[in-house]
Structure formats: structure tokens, C-alpha cells
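So the chains spell out like this:
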Number of protein chains: 4
Amino acid sequence: MAGNSFGTIYRLTTFGESHGEAIGGIIDGCPAGLTINIEFIQAELDRRKPGQSQIVTQRKESDKVMFLSGIFNDKTIGTPIGFMIKNENQRSHDYSHNIDAYRPSHADYTYDEKYGERDYRGGGRSSARETTCRVVAGAIAKLILKQYNITIHAYTSQVGEIKLLKKYQELDFSKIDSSIVRCPDNLVSETMIQKIEQVRKAGDTIGGAISCVIQSMPAGLGEPVFDKLHADLGKAMLSINAVKGFEYGSGFDGSKMLGSEHNDTFEFTDKIKTKSNYSGGIQGGISNGEDIYFRVAFKPVATIMQVQKTINSKGEPVEMHGKGRHDPCVLPRAVPIVESMAAIVIVDHLLRSRSSKL
Amino acid sequence: MAGNSFGTIYRLTTFGESHGEAIGGIIDGCPAGLTINIEFIQAELDRRKPGQSQIVTQRKESDKVMFLSGIFNDKTIGTPIGFMIKNENQRSHDYSHNIDAYRPSHADYTYDEKYGERDYRGGGRSSARETTCRVVAGAIAKLILKQYNITIHAYTSQVGEIKLLKKYQELDFSKIDSSIVRCPDNLVSETMIQKIEQVRKAGDTIGGAISCVIQSMPAGLGEPVFDKLHADLGKAMLSINAVKGFEYGSGFDGSKMLGSEHNDTFEFTDKIKTKSNYSGGIQGGISNGEDIYFRVAFKPVATIMQVQKTINSKGEPVEMHGKGRHDPCVLPRAVPIVESMAAIVIVDHLLRSRSSKL
Amino acid sequence: MAGNSFGTIYRLTTFGESHGEAIGGIIDGCPAGLTINIEFIQAELDRRKPGQSQIVTQRKESDKVMFLSGIFNDKTIGTPIGFMIKNENQRSHDYSHNIDAYRPSHADYTYDEKYGERDYRGGGRSSARETTCRVVAGAIAKLILKQYNITIHAYTSQVGEIKLLKKYQELDFSKIDSSIVRCPDNLVSETMIQKIEQVRKAGDTIGGAISCVIQSMPAGLGEPVFDKLHADLGKAMLSINAVKGFEYGSGFDGSKMLGSEHNDTFEFTDKIKTKSNYSGGIQGGISNGEDIYFRVAFKPVATIMQVQKTINSKGEPVEMHGKGRHDPCVLPRAVPIVESMAAIVIVDHLLRSRSSKL
Amino acid sequence: MAGNSFGTIYRLTTFGESHGEAIGGIIDGCPAGLTINIEFIQAELDRRKPGQSQIVTQRKESDKVMFLSGIFNDKTIGTPIGFMIKNENQRSHDYSHNIDAYRPSHADYTYDEKYGERDYRGGGRSSARETTCRVVAGAIAKLILKQYNITIHAYTSQVGEIKLLKKYQELDFSKIDSSIVRCPDNLVSETMIQKIEQVRKAGDTIGGAISCVIQSMPAGLGEPVFDKLHADLGKAMLSINAVKGFEYGSGFDGSKMLGSEHNDTFEFTDKIKTKSNYSGGIQGGISNGEDIYFRVAFKPVATIMQVQKTINSKGEPVEMHGKGRHDPCVLPRAVPIVESMAAIVIVDHLLRSRSSKL
């Protein structure tokens, strides 16, 4: 109801402000008997961590996750998994100048309107720091998906005007993490990095897009009508900070096509397949066993290192001077977040599908 | 859980297959004391009805809604509103040839995989006929929004390659319904209609996009983190049949911009406002009082009047011959559905926001 | 949220006032592939129907259920099951005298306080007529339970001061329905019937209790902490009109015992069992495979055929004269309702338990 | 879904095993602007704490709650309140003998059946230690209720066969906490304490009952049909460890009465009231402004200091020797838990009622 939970059976609830004591969450509904590989989870967190390269924020946060319950002798026991990550790098004094200024395209004003009370230190609850918790739940979801051989790969496919034009079938996913911008094509990756560096030096920020591919999907996942698989994936992505758009399969380009071009005809080779896959692996809201692929648009980060005019809560004009250590482009660090949210959705629907038949 | 409900406080649950006895639903959580204008609800249904013009399906369905509960002396009484619409035009014999063929880009195969059992007559549960129920719940939601002076206008902004390039501020929303394709610009409307006619004659179908604008919004609606206002709007739209993408505010174009261009600076005139509105009226997932606007991509209808190759459930190749009376383009009839889903989301968040403060 | 839904995976949502057009509901989450025996469902409804004997209300309602969706060729197809029962015996003129009087121990006053608007004809939404819908969903749940050999038997174990002292193990459940008061012991049944007749002739009503036994339960159903199996059973029972109390296993008597008396020691014969069963088949909120048994207390019906003093909405004193055809004792007709709610809870937890393990 | 959350708008989700790192929870939906009195919350926890008197367990746990989010400058800010209580007194070696024995009337066997994996140290997730988290959420709920002048008082009204016969109207609630058994009548309190001492010395345990009274209730809380106010209170109580029964208003005794005796007639003095209150302040599932009162039955604690026969997971007979420091009677420490769960239910329905009317 208050919007801090996601999922139905596999369900994550998170808490925490950027400058409070800690952030954390509870994963309820994780089936018992899963071996928890803490190193893998921490490695996923490290993919999202600040300071991992020169094109992301240089804040220092170790982002070490502490598990408090639900795991015994390295296995899940069916009870809720409580976890916590301390806020080490609070530096509240950095934010004193913001107490009463409404930063442009931030959530200061809307939180004030909604709640009347607000933690003005940093982004508070609206900070992308909250997504750390999603990566924890997503990493555990990935461990479940491994049991089903389902894989999820996201990568940066656009930075500003620079687009990766290759289709995902032409890419080598194993190269994603060797690029600091997380684009698996060496050449495009290099151009993107240069662009971000240039933007950063200008005290500015830049948007982009992330593509994601889910492979080895079983058919039959997704609930018809309101909880279509792509509707839940879309909501998952749109709930990530800075996301402005979502498209799957043929997406917005598909809207320009004719039915005779767009239809995916079925054929039988060793199993039922479709020749093309404009449907993006989902038909009628339910997975058909083909690859699921989708694209997520991110706006440029709102915090820029330039002087901006704005007002305070009394409506008086004030000037903002960009301070602190911020991301010139969220894309590199958002890649594991996109994968995590996708993993949570797929695991949730895997469990939901257990009740489809008698 | 099984995906047939939408909303949290204002909550719609629907039932019905295209060729069963009836479709219908229950609206739970509609506040007491609302005067119900049945004529308005029926008029909204008529905007979605088949046969309303030469560019939509010529099926005949009266789509008369019967209210069964929750309304007394023309007012809501706080109890669930049950309603029903009979399926008059079932013509099951039309579909006998489909018993065992998997229609390309339809949900026949995925439903079979998910459930094992399937109503093969028409689309069954996957038919867009289900959206009739959404229009009923959306019309009642609009009656609630009228009390708050909030307005919602959707219109066809793209058919195939034909795009309406004007911004919504340059349009006269009162002209939307005088265009049979529901595009408020006369010239573009005409071109779109010609394109659809041409596609229909070729036995083909075509995709497009609908834009939607919500005005006179109060600030403070939307729940942070997972139930961001745009995430719920996005899910609402993606749950509509044939939708492939959703973007709000600057959307996918915003991903090409710099932060210094994209930031919406605050100013105070008679109230707190932003100079630009790339945010699309939502910051941090919460409405800021500016106009909300978004765009929804639709694929071309899968049912075409051409011969298509496919397979049956045994994996044997079969040939499909397009039959029946279908839409060459869903856009004109989808406009009221987009508005309805938007209205349901806004009303739900209006009620949810009543618990934000002590 | 607005309280008209029950269950998580197997989920019933109901609508309807006693004197509106119809009552009905939607069962969402019923697994596909279940053969629906309409005769069985109607027979269950007939066990709840008015006019079935001289000790229940003599109202005439055929209570024929119409299924509108979710069933095809006599099998469930996984989609929501919509159903409806027409209100045939509305006789609104009977209730005109009640427009503005608050009947003692009825919900007239509380509905007025909550909603401001009220359907004053009969009980409106607070009428026990709503429970008809629960019997439909309960009957389908029983069909699912048959696949697991789980049985549910409820019976009248108390009318006023008259108690059936035998334990359930000494009873022949096949005799329940041959008693019009639904007490399987001939002698006690006879005394109960005489008591109800006497009360009815005095224009009065009388309370009582229903006992219920669930047998052949698998171990492992129920969710720890908040959704303990007995907590969900308790809520299910307490949601039935006129219920004042719920106890399971040793119940209130167990509160007088010592731990050394009350503990159920485990033993292994052909399988793991407990020697005694004060736990009532549930330990830590989870079924242990022993019989589940519980008892439900019902108050006397509030509508009596005597003159009563009360007030109207203006606070003015008015006199009520009992009219219409009402139950002197709800117990006989409540037996199938208790069974139905129990069946819904067990099926829901059966489906939920499918996600306990990896 | 997995049963670790309670409430709809004001919603508590808990985590933690008795012998893990910590227990804790997330309170979502607490309105912004509430002043948090930490001393009050800690005082409530101390009422539940082990070691508070000679008739409860002598375990040492400081049960200091740490708030991690949702509170800023002593006020709630509308975001989720994360909190944690460390497990200080784990003493795992005490439990090594239990690794594979199924303790009588404990949840060892049922957890094994449900999950396959189990934390065998102490009660794990089934331990009443989890209720500490409920007291935290209940204390905050009480702070909200203070704004509405609503009060909740629970007290021990029965230990074994010893019953407090006085009605709640004859009691002085301010004396509850000066009795170590939390019975406000000096004489009965003394007898109860002696009984518990005697039972404790015999290495045994004893059951009892707690009564609870909610006063200064507004009319109109509770949702009709499934979420009746007493149904939610009943579920809340039945979810507490060791509870076997719940009755409200006239309860099981009411089932012996005639309608003419049981009906609560309305009268108007300065406001609308009922002369009697057999309804227990709730009619049709909705509060009518009269006092709500109910009674909760607790079984004797399953852990006794005597030798017990049982079996292990292989079905082999084993002998249990009671060890550790356990409660001879849970009643004194359960009083704040009953109040807490009641407070959570009332606050949740207060917030839900904000959407009843337009």
C-alpha cells in the first residue's frame, strides 16, 4: 500500500534513507533449500557500488550486506531473509545547504507536499541508494534462476546520442563487465566512455538506455490480464530511479509495422518455436519460451555540478551550487539493478505459475 | 495473485471470456456518496464499441452494462459494484477451425502451455473484449476525478509511420472524438484514416501510438520506491492488449539529453511551478502538480485477413485463413481504454494519499 | 482493502445486497483442469437455502447459481470464475418501515456512520444472503480437496444450553444431513429441534455452536507467524454473520490445563503421529497431519418477532414490530457456510504450500 | 503470501529466528508527522521482556530496539520504519540435544515437513521471540491512537482454573502493571501468582486467558463481509503463539442466549448509544462507538522441565529432558502483545476508513 514492497510470492520490502543509520530489507517467500553463495551476492553489489571506475561517483561506500535471518548452514530455511547495509558515508554536513531548497528535478518538493516532514539530507528515501537492497534480492533470485538455467544479461546500449546498433544476438555477453560502461562492444564502449568523461568535466550529466535479455525461459510464465509478464517487468523497470520509458520486443518500432510483417509464425523443429520474435518472448502476457528482451530509458542525473536557480519552500528564489560526488551517468551502475529487478519478476512468476494447474 | 485484479484501494477484478456467457467485474473500494451517471458510463463504452466507424471492426455488440450492486438511488453506497455485460455476438461456429491451431502472435500457445485447458473460441480470456470492463471502472473513476477537477485526455498520435508532431499544448482536445481515428488534428487525422483504409483493404493491420495528458493534478500523489505514480501508470498501460511500450515526460528522447537541459527549474508565480516539464508532472514517483503526459505504443493487430502458415498443438504445419470481422488498427477504440486505466490509477492514488499524513 | 475479498491464491471476491438485482462473485486463482460438477455445487447451495425445513426461514429463493466464465467443457481453464445468483424474493415493500429505524443489534447504524449512504431494504450488504457466494466458492474448493482425499464435516453441536457432549470421533458424519438441525446424534438433534420450535413460537431466536472436523490433512500447510492455519480459519469463521467466537483443538478448555497434560507426544507407528491431539492438528500454525477440529459460536439472530424499542437516525425513539420470515436459529443453514469457508482456507494454503520448497 | 506481514495500510513485516543474528521488522504505511517517543516504545518492550519477575523466564535479554529509518528529528516522515533487536542470549549449546528430536507440541516436526530445512536452535522462527517486533509496531500504533484518545487495556483474567469474575467495568486498569501477573484485582492476582509458583516448582506450565478492552472508539471502523473488525482482531490474536481461542462481546456465552435477551437496544442521550453491549462494540463487523472487549485463550507452554518421550526425524523413540529457562505461564508477558496486536488492527482500520466516503 505505501509502496515499499515488490512481488507477490517472492516479495521484497525495503527500508532506509540515504543518510539514516542503514538501509535494508526483508525478502519474504524465498523457498527453502536454496544454497546461498554470499560471495556471489557481494559481487553483484560490487557491480553497483560507487567508486568502481572513473566514470561513476567517487563516493566511498563498502556496501557490505549483513544477513540477519532466514539462512542457516548456508541454506535458506523458508523464513524471511532480513538484511542490512550500513550507511557509512553519510557526511551530513555536505547537505546542510539543501535544508530548504527544492533541487530541480529532484523529489524534495513532492516529498514535502506528500508528507509535510522530510529528511533533507541527500535524497533521503528518494535516493538511488535504496536500489542496493534490490540488488541483494535480485542476486538471491538469480541463484534460484540458476536452478532453472534461466539467464539474465543487461548492458548499456545507449549513452546520449551514442547507440549500440548491433542486435543482442551479435553480442558477447561475457564482455559486458570488462567494459566500465558495461557495453559489450569494444568500439561503442570506448565512445560512450569518452562522452561520459567529457560530460563529467563540464559538470554535466547524460542519459541513456539499458537493454536486457532473458534466455532459456520456460513457456507459461505470466498471468493474463493485469499481471502480464511484460507489465510486471515494465513496472519493475519504471520503479528504478531516473527511468523514463520501457519497451519490450519490437517496442515503439513495432508500432510502425504491419501485422503481416510483425506476426511471429510458429514452426516445429525439435520443439515449438517462432521464426521471428517481435513478440519479445511474451504472447498474451505469458512467456512462450523464446528470448525475452526489453529496453529501458534513463534520464540524465538531476544533480549537476553547475549553478542552478530554484526556489525554497517559502517560494523564495535561491541558487544551487552543485556539490558532492555524483554520477555523470547512471547507466554503468544501473545495469545490475535492471538485471536484479528482472530476476525478481521472473522468480515471482515462476512461483506463481506453480498454481496454474491442478 | 492470478492477475485479474488491478488497484489497491480502488480495485477492479474482472472475469469473462470473449465467447462465454458474459464478461463483467467487481469494483471494490469505490467511496460512498458518488452520484452515478449511467448515461456517461454507457457513452464511454460506446467510444470503445465495435462498429462505430468504417475503420474499426464491424462486429455488432451492444455492450450494454448492467449494474448488479453497490448503487442505490443513483449513488454509490460503499459496497462493491458488481456489473455484467452479456456476450451477444458469440458466433462460435466462426472459430471451429481454430480449435487446434496456434494463431501467430496470439495467446493460444501460451495459454495451452500455462493451463493445459483452453477456450479456443476467439481470444477467450486473452481477447481485448475484457477491456470493456476496464472502461466501466474507468468511467466511474472519471466521475470521482470530476469532483477534483482532474481531467484525462488520450488521443491517437501515431498510425504506422504517420506521426502527429504537434505538442499536446497546441491541440484542441474537444476535437478528439469528432475524428474517427481520435486524432484531434484534422489534417493528420485524415492521413491516418486513409492509411488504415488502405491497410484494411490489403487484409492487413497496422500499429501506432496513443498519447495521454492528465491535467489539474494535485501534488503529492504516488508512493515512493516501487509504486511510483509513473510505474503504476506504466503497468496499467502495458496490461492493455497489444501494448509494446510506455514512456512518460521526456521519455526515450530524454535519454539523449544532458542534465543541464533536462532539469526542470522551480519558480514561484502564484504557486510553485516548474519552468519546463521534462519530468512529465512526476518527480521521485510523486506528482508535482504539473501536467502528466505519456505515450503508449501498440503493435499491429495479430489477426490479419491473409493466409498464414503456423502449426497445431501436435506440431503439425497448418494454414490459417483470416476470417471474421476484425480491427485493422486498434488505436481508435483503445483511446478510451488508455484513459480508463489512467483514471483508475489516479483515483487509486488519490485514495492512497489520504494516509500519507497523520 | 475494502473487505470484499478472501484468500490469497484461491481468492473469492463477492458483491451484492440482499435486495439488489443479484449477488455473485469472482473466484480467481482456481487451478485449471478441475472437472466442475454443477449438481454438487447446487446441492451445497440447497443445504444453505431458505425454506428447507420448518425450523428455518420460510422465504422462497431458488438460489440457482449461473456460471458466467472460467469453465469450458465442464472443466476449469485457469481464468476467473464469474458467477451470479439473482435476487428473486426482494419484496421491498416489506422493508419500507425500516427506512430510518436502527434495528437493535443489526448493522443499520454502523453502515450509516461508515458510509453516509445505505440501502435500507433488508440487511443490504450486511445480510447473510452474501454467504451464498461463499458456498459456491466453497463447493468448488471441496472439489479440489477431493483430489487430495481431504474431507470437511461441520455439524450443529449446541443450540442454546443444549450441547452435544459426544466427541467427534463417536459421531457418524453421514447422519448430519438427515437431521434438519444438522446434528448427527438422533436424541440431541430431537431436543434441539424442539427447542428451536418453542423459541420460534415465542417470536424469539436462539444461538448455538457449530463444530467442524477436517480429516486426511497433509502435514505442512499453514504459514508461520501471521498466517497460521488456525488464524486464517479463525478469521474465516469470524467473518461469517452472527459469529462471536472461535476455538480450535483444546480451545478455551485448554487454557485450564497443565503443560504435562496438554502436550501431544509423538510416536511412530506406520507414520509419525501424536498420541493425543490437543493441538487440533496444527502446531506452530502448520498442519501436522492429525485431524483439525474447531468450534464456532453463533449469537441468536437479531431479528425477532416481538416489539422492540429503538431510535431512528434523528435520535427519536421508535418502535419496531418484527415482520417478514426469518430464521429462529441460523445454525442449520450455517453448517454448509462453515464448511465452505474452511474449504476455501485449506485450498488456499494447499496452493500456497507449493512455494515452500525450491 | 508467506505469512510474515500483517495489516493492509499500516503494515508490519517481521524477520528473525530466536538464535540468529537479530530479529526486526519494517513498519510500512505509518503516516508522517507522528512524534516518536522512544522511551514509551522501550517501556512497552520492557513489559514483555524476560526476567521482569520471578514468575517469568529468567533469561536475560535487554531487548533494546534500534530504529534504522523512517524517523527524522523524532518524527515519522512517511517512509518505512526499519528496526532491529539483537539476539544477545543465543546460548546455542543449550539446544544441541534438540537437533533431531521433535519436541511435543512444538513446531519442529511441522517446520521440517513444510520446509525440509530448519534452524533447530530453540524455536527458530516459531519462537515467541518474534512477538517482540509486534510490540514495537504496537507501541507506535498506540502513539497514533493517543491522537484519537483511543485506549487499549489488556489484563490476565484467568490462570488455569482461577478466573477473575469481575466485569471489566469494575476494574481499575491503572493497577494492571503493579501486579506481576498483570491482573488488576489484588486478591485474584495473589492466587494466580501462587498457582504459577506452584506449577513452576513442579517443572510444569499452565494456560490461561487474557481479556482486552478498547475504549473511546469512533463508530465506523471495520470493513464489511470478510474484513470485519472482530475478524481482523480475531486473526491478530490467533496469530500470537500459544493462542487457542478468541471470543468478543458475549462470545461463547452469547450462544446460549435468546435474541430478546441479547439484542442491544439503541437510545439517544447526548449521543447514540446502546443500553447493553453484548455486541462488544461491533455490529455488522463495524465499530458502533461502544467499548470493544474480547477474550483470548492461551494453552500451557509446551516446554516443561520434566522428562518427556518423543521421537526423532527418523521415527526413533527419544527422551527429552527439559532444559533452559522458560516461562511457567506466558500470560504476564503476553498482555502487551495482545494490546499491541489490537493497536495495529485499530490503526489499520482507522486509516482504511479514510476511504469510506467520497
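Residues numbered from 1 in each chain as written. Chains lettered and ligands numbered in written order. Predicted model: local features only at pLDDT ≥ 70, side-chain atom pairs only at ≥ 80, totals over all residues. Heavy atoms only, no water.

Peer 1: What exactly am I supposed to notice about the environment of methionine 66 of chain C here?
Peer 2: Residue and element names in this part refer to chain C. With respect to the helices and strands, the residue methionine 66 is situated in strand β4 (residues 66–67). For methionine 66, a relative accessible area of 34% translates into the label partly exposed. For the pair formed by methionine 66 and isoleucine 38, sequence separation is 28 residues and the distance between their alpha carbons is 9.7 Å. In this view, methionine 66 contacts Gly82, Phe83 and Met84; residues no more than four positions away in its chain are not counted. (Helix = DSSP H or I, 4+ residues; strand = E, 2+ residues; numbered from the N terminus. Buried < 20%, exposed > 50% of the residue type's maximum accessible area, 1.4 Å probe, protein only. Contact = heavy atoms within 4.5 Å.)

Peer 1: When you look at the interface of chain A and chain D in this model, what are you seeing that I'm missing?
Peer 2: The accessible area lost on association of the parts is a frequent measure of interface size. Counting from both sides, the interface comprises 42 residues of chain A and, opposite them, 42 residues of chain D. Taking both sides of the interface into account, the surface hidden between chain A and chain D amounts to around 3,200 Å²; carbon and sulfur atoms contribute 68%. When residues of chain A are sorted by the area they lose upon contact with chain D, Leu68, Phe72 and Glu117 of chain A head the list and together hold 18% of the total. Here chain A is connected to chain D by two salt bridges. Residue lysine 75 of chain A pairs with glutamate 117 of chain D through a salt bridge whose shortest N-O separation is 3.5 Å. (Buried area = accessible area lost by both parts, 1.4 Å probe. Salt bridge = Lys/Arg side-chain N within 4 Å of Asp/Glu carboxyl O.)

Peer 1: Would you take a moment to explain the nonpolar core for this structure?
Peer 2: Phe294 of chain A, Phe294 of chain B, Phe294 of chain C together with Phe294 of chain D are the most contacted members of the largest nonpolar core, which totals 356 residues. Ignoring sequence-local partners within four residues, the contact set of phenylalanine 294 of chain D consists of Ile210, Ser211, Cys212, Ile214, Leu233, Met237, Phe246, Glu247, Tyr248, Val338 and Ala342 of chain D. (Core = buried A, V, L, I, M, F, W, Y, C linked by side-chain atoms within 4.5 Å.)

Peer 1: Please explain the interface of chain A and chain B as it appears in this structure.
Peer 2: In this complex, chain A contributes 104 residues to the contact, which on the side of chain B involves 103 residues. Summed over both partners, the interface of chain A with chain B comes to about 8,300 Å²; 61% of that surface belongs to carbon and sulfur atoms. When the buried area of chain A at its contact with chain B is split by residue, Lys114, Phe226 and Lys244 of chain A rank highest and sum to 11% of it. Joining chain A to chain B, the criterion identifies six salt bridges. Residue lysine 235 of chain B pairs with aspartate 227 of chain A through a salt bridge whose shortest N-O separation is 2.8 Å. Scanning the region where chain A abuts chain B turns up 49 residue pairs in polar contact (both at pLDDT 80 or more). Grouping the constituent residues of the side of chain A that touches chain B by class yields 39 nonpolar, 42 polar and 23 charged. Bridge count between strand β11 (residues 243–248) of chain A and strand β11 (residues 243–248) of chain B: three bridges; the pairing is antiparallel. Note on β11 of chain B: the bridge partner recorded for glycine 245 of chain A is glutamate 247 of chain B. (Polar contact = N/O pair within 3.5 Å; in protein donor to acceptor, adjacent residues only side chain to side chain. Nonpolar A, V, L, I, M, F, W, Y, C, P; charged D, E, K, R; others polar. Pairing = 2+ DSSP bridges.)

Peer 1: Explain the sheet that holds strand β1 (residues 5–6) of chain C here, please?
Peer 2: Whether parallel or antiparallel, the strands of a sheet pair through hydrogen bonds between backbone atoms. Residue and element names in this part refer to chain C. Taken together, the five strands give an open sheet; going across it, the order is β1-β2-β3-β7-β4, and neighbouring strands pair in antiparallel fashion. For this open sheet the edge positions go to β1 and β4, each flanked by a neighbour on one side alone. Bridging between strand β3 (residues 22–28) and strand β7 (residues 81–86) involves six bridges; their strand directions are antiparallel. Residue pairing in the sheet places alanine 22 in a bridge with lysine 86 of β7.

Peer 1: For this particular structure, what's the right way to read the packing of aromatic side chains?
Peer 2: Aromatic ring pairs are reported here in terms of the distance separating the ring centres and the angle at which the planes meet. For the structure on display, the rule yields 42 aromatic pairs over all chains. Look at phenylalanine 226 of chain A and phenylalanine 6 of chain B: their rings are 5.6 Å apart centre to centre, the planes differ by 35 degrees, and that puts the pair in the tilted class. Residue phenylalanine 226 of chain A is found in the loop between β10 (208–215) and α5 (229–238), and its partner phenylalanine 6 of chain B is found in strand β1 (residues 5–6); the two belong to separate chains. A single burial state applies to phenylalanine 226 of chain A and to phenylalanine 6 of chain B, both of which are buried. (Phe/Tyr/Trp six-rings, centres within 6.5 Å; stacked < 30°, edge-to-face > 60°.)

Peer 1: Is there a simple way to explain the relation of the copies chain A and chain B in this structure?
Peer 2: Aligned on chain B, chain A shows an RMSD of 0.0 Å; the corresponding rotation is 180 degrees and the shift along the axis is 0.0 Å. Expressed as an axis order, the relation between the two copies is that of a two-fold axis. A high fraction, 99%, of the interface residues of chain A reappear at the interface in chain B, so the copies pair face to face through one surface. (Least-squares fit on C-alpha atoms with pLDDT ≥ 70 in both.)

Peer 1: Help me out: how do you make sense of the sheet that holds strand β7 (residues 81–86) of chain D in this one?
Peer 2: All names here are of chain D. A sheet is described by the order of its strands in space; here five strands give the open sequence β1-β2-β3-β7-β4, paired in antiparallel fashion. If you trace the sheet from one side to the other, it starts and ends with β1 (5–6) and β4 (66–67), each paired once. Where β1 lies against strand β2 (residues 11–15), two bridges are found, and the strand directions are antiparallel. Across the sheet, the residue bridging to phenylalanine 6 is leucine 12, located in β2.

Peer 1: Got a minute to help me understand the relation of the copies chain A and chain D in this structure?
Peer 2: Relating one copy of the chain to the other takes a rotation about an axis and a shift parallel to that axis. Relative to chain D, chain A is turned by 180 degrees and slid 0.0 Å along the rotation axis, the superposed coordinates differing by an RMSD of 0.0 Å. By residue overlap, the copies meet face to face through one surface: 100% of the interface positions of chain A are interface positions in chain D.

Peer 1: Please clarify how the pairing of strand β18 (residues 317–321) of chain D should be interpreted in this entry.
Peer 2: The side chains of a regular strand alternate between the sheet's two faces. All names here are of chain D. Across five bridges, strand β17 (residues 307–311) lies against β18 in antiparallel orientation. Looking at the pairing, glutamine 308 lines up with methionine 320 of β18. Count of turn residues in the β17/β18 antiparallel hairpin: five residues, of which glycine 315 carries a positive phi of about 90 degrees.

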